[in-house]
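Spelled out from the first residue to the last, the chains are:
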Amino acid sequence: MKVKDVMNPDVVFCKPDDTVREAAKILKENNISGAPVLEDGKLVGIVSEGDLLELLVIPEKGNLWLPSPFEVIEVPIRELLSWEETKKMLSDVGSTRIEEIMTRDVHIISSEASVEEASELMVRHRINRLPVMENDRVVGIVTRGDIIEGLAKL
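Structure report, in brief. (Residues numbered from 1 in each chain as written. Predicted model: local features only at pLDDT ≥ 70, side-chain atom pairs only at ≥ 80, totals over all residues. Heavy atoms only, no water.)

**Quick notes on the overall build of the protein chain**
At step 1: In terms of helices and strands, the protein chain carries 6 helices and 5 strands.
At step 2: The N-to-C order of helical and strand elements in the protein chain reads α-α-β-β-α-α-β-α-β-β-α.
At step 3: Long-range pairs, those at least 24 residues apart, make up 58% of the contacts in the protein chain with a sequence separation of at least 6.
At step 4: As displayed, the protein chain offers around 10,300 Å² of accessible surface, 55% of which is attributable to carbon and sulfur atoms. (Helix = DSSP H or I, 4+ residues; strand = E, 2+ residues; numbered from the N terminus. Contact = heavy atoms within 4.5 Å. Areas by Shrake-Rupley, 256 points an atom, 1.4 Å probe, with all protein chains shown as cover.)

**Observations regarding helix α5 (residues 115–125)**
Every α-helix winds through 3.6 residues per turn, so residues three or four apart in the chain are directed the same way.
At step 1: Within α5 the residues assigned to the buried category are V115, A118, L121 and M122. Burial along α5 is one-sided: seen end-on, the buried residues are contained in an arc of 125°. Away from the buried face of α5 by more than 90 degrees, exposed residues E116 and V123 are located.
At step 2: Here the buried face of α5 lies against α1 (3–6), β3 (109–110), β4 (129–134), β5 (137–143) and α6 (144–152).
At step 3: After α5 finishes, the residue R126 shows a positive phi value of roughly 55°. (Buried < 20%, exposed > 50% of the residue type's maximum accessible area, 1.4 Å probe, protein only. Arc of directions from axis to C-beta.)

**Re the nonpolar core**
At step 1: Counting residues in hydrophobic clusters, the biggest one holds 14 residues, and the most contacted among them are V3, I109, L130, V142 and I147.
At step 2: Elements represented by at least two residues in this core include exactly α1, α5 and β4.
At step 3: No other element matches α5, which puts 4 residues into this core.
At step 4: If we skip the residues at most four places from it in the chain, L130 touches H107, I108, I109, A118, L121, M122, G140, I141 and V142. (Core = buried A, V, L, I, M, F, W, Y, C linked by side-chain atoms within 4.5 Å.)

**Focus on the sheet that holds β5**
At step 1: Reading across the sheet, the 3 strands line up as β3-β4-β5 and stay open at both edges, with mixed pairing between neighbours. Here the strands that pair on one side only, and so sit at the sheet edges, are β3 and β5.
At step 2: Of the pairings in the sheet, the one linking β4 to β5 comprises 6 bridges and is antiparallel in character. Note that in β5 the partner of L130 across the bridge is V142. (Pairing = 2+ DSSP bridges.)

**Regarding the pattern of salt bridges**
Here the idea is simple: oppositely charged side chains can pair when their charged atoms come close.
At step 1: Under the definition given, this model contains 7 salt bridges.
At step 2: Between D18 and K15 there is a salt bridge, with the nearest N and O atoms lying 3.7 Å from each other.
At step 3: Taking the relative accessible area as the measure of exposure, K15 reaches 41% and is therefore partly exposed.
At step 4: One salt bridge in this structure joins R124 and E120, with 2.6 Å as the shortest N-O distance. Linking R124 with E120, this pair stays in helix α5, spanning 4 residues, or about one helical turn.
At step 5: Given a relative accessible area of 37%, E120 falls into the partly exposed group.
At step 6: Beyond isolated ion pairs, a larger network of salt bridges with shared partners links K2, K4 and E112. (Salt bridge = Lys/Arg side-chain N within 4 Å of Asp/Glu carboxyl O.)

**Describing unusual backbone geometry**
At step 1: One non-glycine residue, N31, adopts positive backbone phi at about 55°.
At step 2: Relative to the assigned elements, N31 resides in the loop between α2 (20–29) and β1 (34–39).
At step 3: The backbone of N135 sits at a positive phi, close to 50°, despite the residue not being glycine.
At step 4: Assignment of secondary structure puts N135 in the loop between β4 and β5.
At step 5: Among the residues examined, N135 registers a relative accessible area of 75% and is labelled exposed.

In short, geometric facts, not functional conclusions.
The following block contains the structure:
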């Protein structure tokens with residue numbers, strides 16, 4: 001079985017200048033967990049729910065730190081500034097551009113490749129989807145679910 005037999009030719013995509021808010025809406029409305037990022041029809045990246053969720057991870061504090069007597073006054077100010085930075089970061093997440101968070105090194109596959117090749121790529125690289133390329137153009141997308149569905153029809 002070939003990739004072209006199981007791929008989805010109707011590719012939902014994002015643009016590099018889309019915001020996280022817009023990309024999240026695209027993913028939700030199309031009930032998908034990721035999409036290629038195209039600029040003027042050329043593949044420039046891929047974005048997934050995981051990429052969007054990583055924006056919500058708050059950086060961990062460093063090791064245990066005990067203030068000196070002189071720093072006791074500074075600590076509440078430092079913590080307040082840290083909290084303000086966190087609030088600002090969370091409020092700005094929606095306006096982050098996709099090109100800032102997308103994966104640029106995209107694994108691709110040909111429509112003539114076998115589903116075994118596609119499966120092997122997905123497992124080896126721990127990815128859930130592969131843009132299907134022909135002549136430097138995205139002609140489809142194949143997901144793990146597409147492959148499973150194709151196998152079920154055998």
